[in-house]
Number of protein chains: 2
Amino acid sequence: MDPIVEALRAIVGDNGVLCAADLASRSAGALRADNLRARALVRPAGTGEVAAVLRWCHQRRLPVVPQGGLTGLVRGADAGPGEIILSLERMRAIEAIDPQQRTATVQAGVTLQALQEAVEAQGLVYPLDLGARGSATLGGTAATNAGGTRVLRYGMTRDMVLGLEAVLADGTVVSALHPLIKNNTGYDLKQLFIGSEGTLGVITRLVLRLREKPLATHTTLLAAPDFDAVAGLLRHLDRALGGALSSFEVMWQSFYRLVTTPPARSLPPLGQEHPFYVLVEAQGAHREADGQRFEAALEAALAQGLLSDAVLARSDADAQAFWALRDDVEQVMRHGTPLGFDISLPIAAMDGYVRQVQQLLLAETRAHRLYVFGHLGDGNLHLVVTLPHADLARLKPRIEALVYAELRARGGSVSAEHGIGLEKKPWLSITRSPPERALMGAIKRTLDPAGILNPGKLLDGGAP
Amino acid sequence: MDPIVEALRAIVGDNGVLCAADLASRSAGALRADNLRARALVRPAGTGEVAAVLRWCHQRRLPVVPQGGLTGLVRGADAGPGEIILSLERMRAIEAIDPQQRTATVQAGVTLQALQEAVEAQGLVYPLDLGARGSATLGGTAATNAGGTRVLRYGMTRDMVLGLEAVLADGTVVSALHPLIKNNTGYDLKQLFIGSEGTLGVITRLVLRLREKPLATHTTLLAAPDFDAVAGLLRHLDRALGGALSSFEVMWQSFYRLVTTPPARSLPPLGQEHPFYVLVEAQGAHREADGQRFEAALEAALAQGLLSDAVLARSDADAQAFWALRDDVEQVMRHGTPLGFDISLPIAAMDGYVRQVQQLLLAETRAHRLYVFGHLGDGNLHLVVTLPHADLARLKPRIEALVYAELRARGGSVSAEHGIGLEKKPWLSITRSPPERALMGAIKRTLDPAGILNPGKLLDGGAP
């Protein structure tokens, strides 16, 4: 028996630790072909056990990799054979839902979907939403500052966390479970842990802000004649809908054609000849009155030349069909092996950026395809380049370099919502300056001086 | 000539430095009877000069107090005779307004009002608003994470800052002027500086998020039969107005009577017999359609017993009159010397809290009055206790103790939006736990190891 496994079992019980051999059959995560590797996987049942495990590892300088639902896309929770995985999977209690304060207090291992379903009965929503909702944990969404499809209206996870409890590398429990919207009493420490990808502490509990459940949703799919019209539509609809706009998802033509051409499941609700398509959603309070406003806003957009065609969802099934084509990203696998990017940049720079990337890709290879779609309202585009599998290894570094280098001059970000992990660490300097990276390093050393927490993710360095 | 003044003049020019004698006629700030004191006041003209001044002071371990518009209420920018004031008053450039990205890039010394006026021409708003808008600087509102009257809809300053540039104590310029809504590339360093009251760095430039200018505003003053009805109204209106609710300001009866009784300027728009009054504002896109929705929501509230009476603003003048009575806080001076509090707590605990404070105050003195009002939608109450001036010095510590102690058990905050400064530092431990305060101290020592930045504010310690 591995003495480390034995020692961890003394802290969390026999059932709380899996040894290296137990992990061979556990998947390394969503969209991954490999299985977990680690010295051990430890599953504390509460904050006290998390603290005890970290204290023990800290004393021995053992590296610890916190894991949530393993739905991240940047290898931010990968562990090596010498590392200890700390999984929050046994901490799945929804401790309280307060309908008056409109807050939920949860343990970090609760899944996003479990919370969404639990609050619905109270006429409330937790407005974070993303495809991985069934597996993604609330701790993981906080540690990665998850975004999703309604950031335009509700912000990112950072905007939904009122308070949290985290355990530092040395086992210190920092309890800041404030349920308050306003609390100007010194440094807002929760911000350190949100989006730091498990490198500064392990989030164990959260107080999350809930919102009133919208009483009516209106959805439409639009076609636009050019990118300026798309940008104009965003401002027009944001203004005309008076705060109700909740999604503004754009699809470049190649992506729209891909997801509306067999064998894709969806038929094209609008002809495939338009350069841009936009899926628009508004959430309000009155089915009829909001519907009239929504249609009036679209008519005004048509009159201003901001759209060329539109189809309204007349039922929930229609709306689901529009979302289904937007979400049918796996179609990119049809024409090669995909290389995905999650970038953000100023809206004014987007059209030129995509054209430039397309041109530079052509100079590298004519065997590729480029699909572009994303959350335009947040400045966030997803680019997918597909390549013949045989070319992937050779071309990947060159394509990454050109996609990211073009962002630098435009003030863009190499990761809008997916994070850095191991996958994007080589490109961090495109977006963050040397003084920013130096300050990040200083904060890492302050909170985790031995470098045991998720070593090598996001920043270089780790346990000596 | 003071050699320190001379040396600073060599950095920023003769016109850039005021010596101790020059300061004797400069007010110490809004609502202050005293004048500034300091060894010198230095006014850099740009980020480079801020960096040079800080580098020079850091080498000599000279304490530096950053100052904005001096409209804070917690003595967060007070300087002593041995300290150097760093004023951003010469950094007043609005560098860019981007109507498509909906961002403004500004120097920190720009006033809130100057930006509000500059963006209006573009059909945009910078939604932060507060009474001191004419003097408060954007750097100051960021350093203190200012709140104001529309937090319910738009959040606090923290939610409006996309990027910033700050100078650390040693003169390092950390440029993080990202114009992006989504940027998950490592630690979100701007959060460190926002709300840290000038103790971690000097904010020199900001990229701020602008919003579409609302096309219609509806305002009403309501009376409610009890606190449960007030809390119910908040949820009801938030739901029924579908995202348009922008203010929900509550007034307890004693405050309403005060501001609607001569010599106060306002007449009572509603009778003075109700226990609670609420000023409600909704911002949307259509005067007529929003008005119908607004009235329907109020009728439904009446039918549910959530309100006892209501008067709608039929004109901008009406709306301004409702706001004028809410904002006529200076009436509290009529019946004694005021002692003000800016607290937040869960809504469910508010009514009991106010009753308990009232009872404990009676045990201390019968010569007081208690006025309560605030941003209920954000959980933020302002309490004002007035006392005979002769009793103030004796009773102040006891009244502070009872107001704050009652917050501890209820998970409340000793400062919702005003910050800590010197004024509330003795009470910080009511809201922030020992591990939180220890972590704040560790971050302070990491960013400002010599302790020269705004020493003694927020946290103990400072320049050795």
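Under an unreviewed UniProt entry, chain A has the name FAD/FMN-containing dehydrogenase and belongs to Pseudomonas delhiensis. Of chain A, the UniProt comment under Cofactor (unreviewed entry) reads exactly: "FAD". Chain A has a UniProt comment under Sequence similarities (unreviewed entry) that states "Belongs to the FAD-binding oxidoreductase/transferase type 4 family."

Some points on the sheet that holds strand S1 (residues 17-19) of chain B
Residues and elements named next belong to chain B. If you walk across this open sheet you meet the 4 strands as S1-S2-S4-S3, and the pairing is mixed. Every other strand in the sheet has two partners, leaving S1 and strand S3 (64-67) as the edge strands with one partner each. Going across the sheet, the axis of each strand differs from the next one's by a mean of 20 degrees, ignoring polarity. Seen against the sheet, helix H1 (residues 3-12) touches S1, strand S2 (40-42) and strand S4 (84-87) and runs at an angle of roughly 165 degrees to S1. In the packing of helix H2 (residues 47-60) onto the sheet, the strands contacted are S2, S3 and S4, and the crossing angle to S4 comes to about 165 degrees.

Some words on the relation of the copies chain B and chain A
Superposing chain B onto chain A takes a rotation of 180 degrees combined with a translation of 0.0 Å along the rotation axis, leaving an RMSD of 0.0 Å. Look at the turn and shift together and you get a two-fold axis relating the two. Minimal C-alpha separation from the rotation axis in chain B is found for Gly243 of chain B, amounting to 2.9 Å. A share of 100% of interface residues in chain B that are also interface residues in chain A marks the association as one of identical surfaces.

Quick notes on the state of the cysteines
Residues and elements named next belong to chain B. Overall, the coordinates contain 0 disulfides over all chains when judged by the stated rule. Cys57 takes part in no disulfide bond, and the closest cysteine sulfur, belonging to Cys19, lies 16 Å away. Assessed through its relative accessible area of 0%, Cys57 is described here as buried.

Considering the nonpolar core
Counting residues in hydrophobic clusters, the biggest one holds 190 residues, and the most contacted among them are Leu381 of chain A together with Leu381 of chain B. Filtering out sequence-adjacent residues up to four positions away, Leu381 of chain B remains in contact with Val250, Trp252, Phe341, Asp342, Ile343, Leu345, Met350, Val354, Val372, Phe373, Gly374 and Leu376 of chain B.

Some points on the interface of chain B and chain A
Each partner contributes residues to the interface: chain B has 93 residues there, and chain A has 93 residues. In total, about 7,000 Å² of surface goes out of reach between chain B and chain A, with carbon and sulfur atoms giving 54% of it. If you sort the residues of chain B by the area they bury against chain A, Lys182, Asn184 and Tyr187 of chain B come out on top, with a joint share of 15%. For the pair chain B and chain A, the number of links is 14 salt bridges. Of the charged contacts in the structure, one is a salt bridge between Glu417 of chain B and Lys182 of chain A, with a shortest N-O distance of 2.8 Å. Here chain B is connected to chain A by 47 residue pairs in polar contact (both at pLDDT 80 or more). Looking at the side of chain B that touches chain A element by element, the count peaks at 9 residues for helix H14 (residues 434-447) of chain B. Taken together, the residues of the side of chain B that touches chain A break down into 39 nonpolar, 35 polar and 19 charged.

Observations concerning H14 of chain B
Within an α-helix, residues lying three or four positions from one another point in the same direction, as the helix has 3.6 residues per turn. Taking 1.5 Å per residue as the helical rise, H14 of chain B with its 14 residues ought to reach 20 Å, and the 20 Å between its terminal C-alpha atoms agrees with that figure. Turning to H14 of chain B, its buried residues are Glu436, Leu439, Met440, Gly441, Ala442, Ile443, Lys444 and Leu447 of chain B.

Overview of the UniProt feature "domain: FAD-binding PCMH-type" (unreviewed entry) in chain A
Per the UniProt record, "domain: FAD-binding PCMH-type" (unreviewed entry) is found at residues 33-213 of chain A. The span residues 33-213 of chain A carries 20% helix and 24% strand; its end-to-end C-alpha distance comes to 38 Å.

What to know about the packing of helix H7 (residues 227-240) of chain A against helix H11 (residues 347-364) of chain A
Residues and elements named next belong to chain A. Where H7 meets H11, the axes come as close as 10 Å, and the angle between the chain directions of the two elements is 155 degrees. Considered as vectors, H7 and H11 are oriented roughly antiparallel to each other. Here H7 runs over H11; the crossing is right-handed. Contact residues: Phe227, Ala231 and Leu234 in H7; Ile347, Met350 and Asp351 in H11.

Some words on the side chain of Asp129 of chain B
Residue and element names in this part refer to chain B. The residue Asp129 is located in the loop between strand S7 (124-125) and helix H4 (138-143) in this model. A residue is classified by how much of its surface remains accessible, and Asp129, at 15% relative accessible area, is buried. Side chain to side chain, Asp129 and Arg133 meet in a polar contact 2.7 Å long. Look past the residues within four positions of Asp129 in its chain and what remains in contact with it is Leu112, Gln116, Gly147, Gly148, Thr149 and Arg150.

Points about the domain arrangement of chain A
Accessible area lost on assembly of the parts is the figure often given for the size of an interface. Residues and elements named next belong to chain A. Per the domain assignment, the segments of chain A are domain 1 (3-87), domain 2 (94-212), domain 3 (216-326) and domain 4 (336-428). Taken over C-alpha atoms, the centre of domain 3 sits 25 Å from the centre of domain 4. Taken residue by residue, the interface counts 14 residues in domain 3 and 13 residues in domain 4. At the boundary of domain 3 with domain 4, total buried surface from both sides reaches about 1,200 Å², with 71% on carbon and sulfur atoms. Taken together, the links from domain 3 to domain 4 amount to 0 salt bridges. Taken together, domain 3 and domain 4 are joined by 6 residue pairs in polar contact (both at pLDDT 80 or more).

What to know about the environment of Gly69 of chain B
Residues and elements named next belong to chain B. By the secondary structure assignment, Gly69 is in the loop between S3 and S4. Separated by 292 residues in sequence, Gly69 and Leu361 place their C-alpha atoms 34 Å apart. In contact with Gly69, not counting residues within four places along its chain, are Ser135, Ala136 and Thr137.

Observations concerning unusual backbone geometry
The omega torsion of the bond from Pro262 of chain A to Pro263 of chain A falls at 10 degrees, within 30 degrees of zero and hence cis. With respect to the helices and strands, Pro263 of chain A occurs in the loop between helix H8 (253-259) and strand S14 (276-284). At Arg61 of chain B, a position not held by glycine, the phi torsion is positive, near 60 degrees. Under the relative-accessibility criterion, Arg61 of chain B is labelled partly exposed at 44%.

Side note on the sheet that holds strand S2 (residues 40-42) of chain A
All names here are of chain A. The 4 strands are arranged S1-S2-S4-S3 in an open sheet whose pairing can be described as mixed. What marks the edges here is a single partner per strand, and that holds for strand S1 (17-19) and strand S3 (64-67). Within the sheet, the average angular offset between the axes of one strand and its neighbour, ignoring direction, is 20 degrees. Pairing of S3 with strand S4 (residues 84-87), which is carried by 4 bridges, proceeds in the parallel orientation. Paired with Val65 across the strands is Ile85, a residue of S4. Strand contacts of helix H1 (residues 3-12): S1, S2 and S4, with the helix running at about 165 degrees to S1, the strand carrying the most contacts. Each of S2, S3 and S4 is contacted by helix H2 (residues 47-59), which is oriented at about 165 degrees to S4, the strand it contacts most.

A look at the pairing of strand S18 (residues 380-387) of chain B
Both faces of the sheet carry side chains from a regular strand, because those side chains alternate between them. All names here are of chain B. Judged by how many residues are buried, S18 sits mostly within the fold: 8 of 8 residues are covered. The two faces of S18 match: Asn380, His382, Val384 and Thr386 on one face and Leu381, Leu383, Val385 and Leu387 on the other face are all buried. Of the pairings in the sheet, the one linking strand S16 (residues 337-344) to S18 comprises 8 bridges and is antiparallel in character. Looking at the pairing, Asp342 lines up with His382 of S18. Adjacent in sequence and paired antiparallel, strand S17 (residues 369-375) and S18 are bridged by 4 residues, among which Gly379 carries a positive phi angle near 75 degrees.

What counts and how
- Residues numbered from 1 in each chain as written.
- Chains lettered and ligands numbered in written order.
- Predicted model: local features only at pLDDT ≥ 70, side-chain atom pairs only at ≥ 80, totals over all residues.
- Heavy atoms only, no water.
- UniProt positions renumbered as here; feature names shortened; annotations may be inferred.
- Pairing = 2+ DSSP bridges.
- Helix = DSSP H or I, 4+ residues; strand = E, 2+ residues; numbered from the N terminus.
- Axes fitted to C-alpha atoms, helices over the stretch in contact; angles between N-to-C directions.
- Contact = heavy atoms within 4.5 Å.
- Least-squares fit on C-alpha atoms with pLDDT ≥ 70 in both.
- Disulfide = S-S within 2.5 Å.
- Buried < 20%, exposed > 50% of the residue type's maximum accessible area, 1.4 Å probe, protein only.
- Core = buried A, V, L, I, M, F, W, Y, C linked by side-chain atoms within 4.5 Å.
- Buried area = accessible area lost by both parts, 1.4 Å probe.
- Salt bridge = Lys/Arg side-chain N within 4 Å of Asp/Glu carboxyl O.
- Polar contact = N/O pair within 3.5 Å; in protein donor to acceptor, adjacent residues only side chain to side chain.
- Nonpolar A, V, L, I, M, F, W, Y, C, P; charged D, E, K, R; others polar.
- Expected span 1.5 Å × (residues − 1).
- Parallel < 35°, antiparallel > 145°, perpendicular 65-115°, else oblique.
- Left-handed = near helix turned anticlockwise from the far one by under 90°.
- Domains from an automatic or database assignment.

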